[in-house]
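As a plain string of letters, each chain reads:
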Amino acid sequence: MQVSRRKLLQLMGASAALVPAVKLQAASAPTATSLKTAYQQDFLIGAALSASIINQADPQLVTLIARDFNSITPENCMKWGEIRNADGSWKWADADAFVAFGEQHNLHMVGHTLVWHSQIPTPYLKIKTVITSAKQPCRKKCRSTSPPLAGRYKGKLHAWDVVNEAVDDNLKMRESHWYKILGEDFIYQAFNLAHEVDPKAHLLYNDYNIERTGKREATIEMIKRLQKRGMPIHGLGIQGHMGIDTPPIAEVEKSIIEFAKLGLRVHFTELDIDVLPSVWELPVAEISTRFEYKPERDPYTKGLPQEMQDKLARRYEDLFKLFLKHADKIDRVTLWGVSDDASWLNDFPIRGRTNYPLLFDRQHEPKPAYFRVLDLKQ
């Protein structure tokens with residue numbers, strides 16, 4: 001008699017969620033017992049890992065990651081603000097630990113991110129000076145970080161988010177430090193530098209809200225302009241910071257189709273689902289955005305009600321049904337975090353809230369949403 005993984009976990013108790021997949025497979029070999037095995041013929045299943053997860057090496061969490069995920073992305077430790085000191089020296093320890101973890105567990109690894117407008121050490125960049133200077137010093141700044149960072153992990157990282165969030169919410173090019181000096185050429189330069197340093201790496205442009213009308217079209221036009229110049233780009237990263245009700249599945253599907261028409265592989269790079277009340281009309285992921293804490297904006301401090309748990313599960317199920325429908329276009333679906341306790345959405349855009357956006361809860365146990373996603377492949 002075949003027993004589903006959901007039933008196995010129920011019969012064996014919650015702790016069964018932490019039993020290595022190979023043991024569960026022994027009980028029911030024909031049944032997929034983890035996300036990565038269930039979707040192995042479709043696309044990679046990834047998770048963003050913080051430096052604390054890597055460095056603490058909690059055996060429970062490591063078992064979970066190795067069992068359910070076959071791709072990892074560094075949440076912060078490869079961003080400029082984390083890897084470079086103000087004097088230009090390097091802080092490699094966390095990034096090296098991330099790569100070592102990926103190699104140890106034979107995981108596909110994504111570098112994140114080479115060029116971004118945020119999390120840059122201001123004393124190092126000397127923004128006011130650079131903006132009023134010639135273009136060449138700015139190119140030197142970019143060359144002083146991107147090639148050493150990409151080159152250090154050449155042949156180890158399979159993909160790079162080369163440029164992150166270059167299109168603004170006003171549907172124009174973001175007025176970043178880079179754009180003010182180099183214009184759109186900063187994107188072209190960054191991709192060419194990355195390709196020059198690691199010719200075999202899969203290079204992506206990554207952004208939020210590009211699964212929505214407006215920003216999707218603005219991004220497509222930008223990519224087309226750069227493709228005409230011969231820019232080496234291979235993939236498009238849809239971050240996928242979703243709401244519990246928005247955007248509509250049809251909008252997400254349109255983005256998958258339209259980006260694939262550009263000849264690019266589609267990646268969902270930072271997937272999570274915000275269950276808390278929205279404090280703005282248009283959800284964004286601009287990291288600097290902040291709102292005031294109010295109790296009514298944090299309604300689930302004692303746990304997620306069953307009604308919302310079911311709604312979250314249906315939302316994940318609907319998304320993964322769509323991903324399976326277009327599996328021929330999609331290379332990877334990465335969750336932005338492993339479990340609810342460590343999600344960035346507990347502090348964004350309001351610090352100190354209690355959110356439930358991922359497939360594993362605060363005790364690192366699989367949620368109903370996890371089983372909905374797994375059951376699609378049973």
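Bear in mind the structure is a predicted one, so any value in this text is a computation, not a measurement. (Residues numbered from 1 in each chain as written. Predicted model: local features only at pLDDT ≥ 70, side-chain atom pairs only at ≥ 80, totals over all residues. Heavy atoms only, no water.)

*Asks:* Can you help me understand the packing of aromatic side chains in this one?
*Replies:* Two measures describe an aromatic ring pair: the distance that separates the ring centres and the angle between the ring planes. Considering all chains together, one arrives at 13 aromatic pairs under this definition. Ring plane angle 85 degrees and centroid distance 6.4 Å describe the contact between Phe43 and Phe323, whose orientation is recorded as edge-to-face. Here Phe323 lies in helix 15 (residues 306-325) and Phe43 lies in the loop between helix 3 (35-38) and strand 1 (44-49), a separation of 280 residues in the sequence. For the pair Phe43 and Phe323, one class covers both residues: buried. Between Phe268 and Phe323, the ring centres sit 4.4 Å apart and the planes meet at 40 degrees, which makes this aromatic pair tilted. A residue pair is termed long-range when its members are at least 10 positions apart, and Phe268 in strand 8 (residues 265-274) and Phe323 in helix 15 qualify at 55 residues. According to the relative accessible area criterion, Phe268 is buried, its value standing at 0%. For Phe323, a relative accessible area of 0% gives the class buried. Among the aromatic residues, those joined into a cluster by ring pairs are Tyr39, Phe43, Phe268, Phe320 and Phe323. Between the NZ or CZ atom of Arg84 and the centre of the ring of Trp90, over which it lies, the distance is 4.1 Å. A cation sits over an aromatic face here: Arg229 above Tyr188, 3.9 Å from the ring centre. (Phe/Tyr/Trp six-rings, centres within 6.5 Å; stacked < 30°, edge-to-face > 60°. Helix = DSSP H or I, 4+ residues; strand = E, 2+ residues; numbered from the N terminus. Buried < 20%, exposed > 50% of the residue type's maximum accessible area, 1.4 Å probe, protein only. Lys NZ or Arg CZ within 6 Å of the ring centre and 35° of its normal.)

*Asks:* What am I meant to see in the packing of helix 15 against helix 16 (residues 368-375) here?
*Replies:* Two quantities define a packed helix pair, namely the angle between the helix axes and the distance between the axes. At their nearest, the axes of helix 15 and helix 16 sit 8 Å apart, and the two run at 30 degrees to each other. By the angle between their directions, the pair helix 15 and helix 16 is classed as roughly parallel. Handedness of the crossing formed by helix 15 with helix 16: right-handed. Residues Gln309, Leu312, Ala313, Arg314, Tyr316, Glu317 and Phe320 of helix 15 touch helix 16, and the partners they reach there are Pro368, Ala369, Arg372 and Val373. (Axes fitted to C-alpha atoms, helices over the stretch in contact; angles between N-to-C directions. Parallel < 35°, antiparallel > 145°, perpendicular 65-115°, else oblique. Left-handed = near helix turned anticlockwise from the far one by under 90°. Contact = heavy atoms within 4.5 Å.)

*Asks:* Any chance you could explain the packing of helix 14 (residues 249-260) against helix 15 here in plain terms?
*Replies:* Relative to each other, helix 14 and helix 15 sit at 30 degrees, their axes nearing to 11 Å. Considering their axes alone, helix 14 and helix 15 lie roughly parallel with respect to each other. Judged by the sense of rotation from one axis to the other, the crossing of helix 14 with helix 15 is right-handed. Across the interface between the two elements, Ile249, Val252, Glu253 and Ile256 from helix 14 touch Arg315, Asp318, Leu319, Leu322 and Lys325 from helix 15.

*Asks:* I tried to follow unusual backbone geometry on my own but got confused; where do I start?
*Replies:* Trans peptide bonds make up most of the peptide bonds, and negative phi angles are found at most residues other than glycine. His112 connects to Thr113 through a cis peptide bond whose omega is 0 degrees. Within the element layout of this structure, Thr113 appears in strand 3 (residues 108-116). Omega for the peptide link from Phe348 to Pro349 comes to -5 degrees, which places this bond in the cis form. Positioned with a positive phi, Leu171 is a non-glycine residue whose angle comes to about 70 degrees. Note that Leu171 resides in the loop between strand 4 (159-164) and helix 11 (177-182). One non-glycine residue, Asn209, lies in positive phi territory at about 65 degrees. Assignment of secondary structure puts Asn209 in the loop between strand 5 (202-207) and helix 13 (215-228). Look at Asn209 and you get buried, because its relative accessible area is 6%.

*Asks:* What should I look at first to understand the nonpolar core in this one?
*Replies:* When a protein is soluble and globular, its nonpolar side chains tend to lie buried together. By size, the foremost hydrophobic cluster in this structure holds 99 residues, and its most contacted members are Trp160, Val163, Ile187, Tyr205, Phe268, Tyr316 and Phe320. With residues near it in sequence (within four places) discarded, Trp160 still touches Met78, Gly111, His112, Thr113, Leu114, Leu149, Ala150, Ala201, His202, Leu203 and Leu204. (Core = buried A, V, L, I, M, F, W, Y, C linked by side-chain atoms within 4.5 Å.)

*Asks:* Explain the environment of Ala48 to me, please; I cannot follow it from the model alone.
*Replies:* Inspection of the secondary structure assignment puts Ala48 in strand 1. The exposure class of Ala48 is buried, given its relative accessible area of 1%. Spatially, the C-alpha atom of Ala48 lies 5.3 Å from that of Glu75, the residues being 27 residues apart in sequence. Sequence-distant contacts of Ala48, that is, excluding residues within four places in its chain, are made with Thr73, Glu75, Thr334, Leu335, Trp336, Gly337 and Val338.

*Asks:* Where do I start with the pattern of salt bridges in this structure?
*Replies:* Going through the model one piece at a time under the given rule, you end up with 17 salt bridges. Here Glu253 ties to Lys325 by a salt bridge, and the two come within 2.7 Å at their closest N and O atoms. With Glu253 in helix 14 and Lys325 in helix 15, the pair connects residues that are 72 residues apart, well separated along the chain. Residue Lys367 pairs with Asp340 through a salt bridge whose shortest N-O separation is 2.8 Å. With Lys367 in the loop between strand 9 (330-335) and helix 16 and Asp340 in the loop between strand 9 and helix 16, this pair connects stretches of sequence that are 27 residues apart. Residue class for Lys367 comes out buried when judged on its relative accessible area of 3%. One continuous salt-bridge network, built from bridges that share partners, spans Asp169, Asp207 and Lys215. (Salt bridge = Lys/Arg side-chain N within 4 Å of Asp/Glu carboxyl O.)

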